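# Topology and contacts: notes
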Amino acid sequence: MHVLGISGSMRPEGNTALLVQKILEGIDHHGMEEITTEFISLAGKQILPCRGCEKCKKKKWCIFEEDDWGNIARRILECDVLVLGSPAYYFDVCGQLKNFIDRTYSLYHDRKLAGRGGVAVAVCADRGGERTLETLEGFLSTHEFNSMGYVLGKGYHAGDVLKDKVAMEKARETSERIVRLYKKKSH
Ligand SMILES: Cc1cc2nc3c(=O)[nH]c(=O)nc-3n(C[C@H](O)[C@H](O)[C@H](O)COP(=O)(O)O)c2cc1C
């Protein structure tokens, strides 16, 4: 089983990256070679917005190949569980991740992502985390992922989220849930 964690934040070592990585570390901690983990940060990646051309309806893939979207989308297609994180920007996901999500319209027509497990992760300084989670969960449910829960962290400066005990515990529980899923599937 392969678990892919993605942080949509432009801060490569920010709170979202740390929280997503915490979940992956909790899985790695079990030392099970049957479960592999991978982390991708969208920081510094070029992800152009969806142009709404609808050409993907026929091609079943985004027609733009010149930016980083395609390689990351291919990594999602390889995973069994996606842990998708975003910082709250004005009570919603950040623009970089929204661009990424919008382009996955091209994978929707033949439900390429359906059946995977999905975890929504958000970090906010104060308010807007719930709405950010709703957008992430809307993405996951539209693509017919099976929900494996959510983690909401609090933090402003990079690193703050590690002091959020509730989020750390939720991250640990999420790792355990993913490991349990693997054990159930393999028996
Ligand atoms: C453009 C921008 C918008 C933000 N909007 C919100 C917000 O609506 N609510 C909130 O609580 N924090 C907001 N924040 C703070 C971030 O959510 C917070 O610093 C978060 O920890 C950043 O995560 P990161 O380190 O993964 O980038 C905003 C920060 C930026 C830069």
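To start, this report covers the structure provided alongside it. In this text, all values refer to a predicted model and were calculated from it rather than measured experimentally.

Turning our attention to the site of the ligand. The full set close to the ligand counts 17 residues, and Ser9, Thr16, Asp126, Arg127 and Gly155 are the nearest of them. Arginine 11 places a polar side-chain atom, nitrogen or oxygen, 2.9 Å from an oxygen atom of the ligand. The separation between a nitrogen atom of the ligand and a polar main-chain atom of arginine 127 is 2.6 Å. About the coverage of the ligand: the protein hides 79% of its 640 Å² of free accessible area. Broken down by secondary-structure element, the contributors of at least two residues to the shell around the ligand are α1 (15–28) and β4 (117–124). A class-by-class count of the residues in the shell around the ligand yields nine nonpolar, five polar and three charged.

In this section: the pairing of β4. Counting buried positions over the eight residues of β4 gives eight, a clear majority of the element. Going residue by residue along β4, you find Gly117, Val119, Val121 and Val123 tucked away on one face and Gly118, Ala120, Ala122 and Cys124 tucked away on the opposite face as well. Taken together, the seven bridges between strand β3 (residues 81–87) and β4 define a ladder with parallel strand orientation. Of the residues in β4, the one forming a bridge with glycine 85 is valine 121. Both β4 and strand β5 (residues 146–154) contribute to a ladder of seven bridges, which runs parallel. The partner of valine 123 across the bridge, within β5, is glycine 153. As for the winding sense of the linkage, the β-α-β connection from β4 through helix α6 (residues 129–142) to β5 is right-handed.

Parameters at a glance
- Residues numbered from 1 in each chain as written.
- Predicted model: local features only at pLDDT ≥ 70, side-chain atom pairs only at ≥ 80, totals over all residues.
- Heavy atoms only, no water.
- Near = heavy atom within 4 Å.
- Polar contact = N/O pair within 3.5 Å; in protein donor to acceptor, adjacent residues only side chain to side chain.
- Areas by Shrake-Rupley, 256 points an atom, 1.4 Å probe, with all protein chains shown as cover.
- Helix = DSSP H or I, 4+ residues; strand = E, 2+ residues; numbered from the N terminus.
- Nonpolar A, V, L, I, M, F, W, Y, C, P; charged D, E, K, R; others polar.
- Buried < 20%, exposed > 50% of the residue type's maximum accessible area, 1.4 Å probe, protein only.
- Pairing = 2+ DSSP bridges.
- Right-handed = clockwise from strand over helix to strand, strands pointing away.

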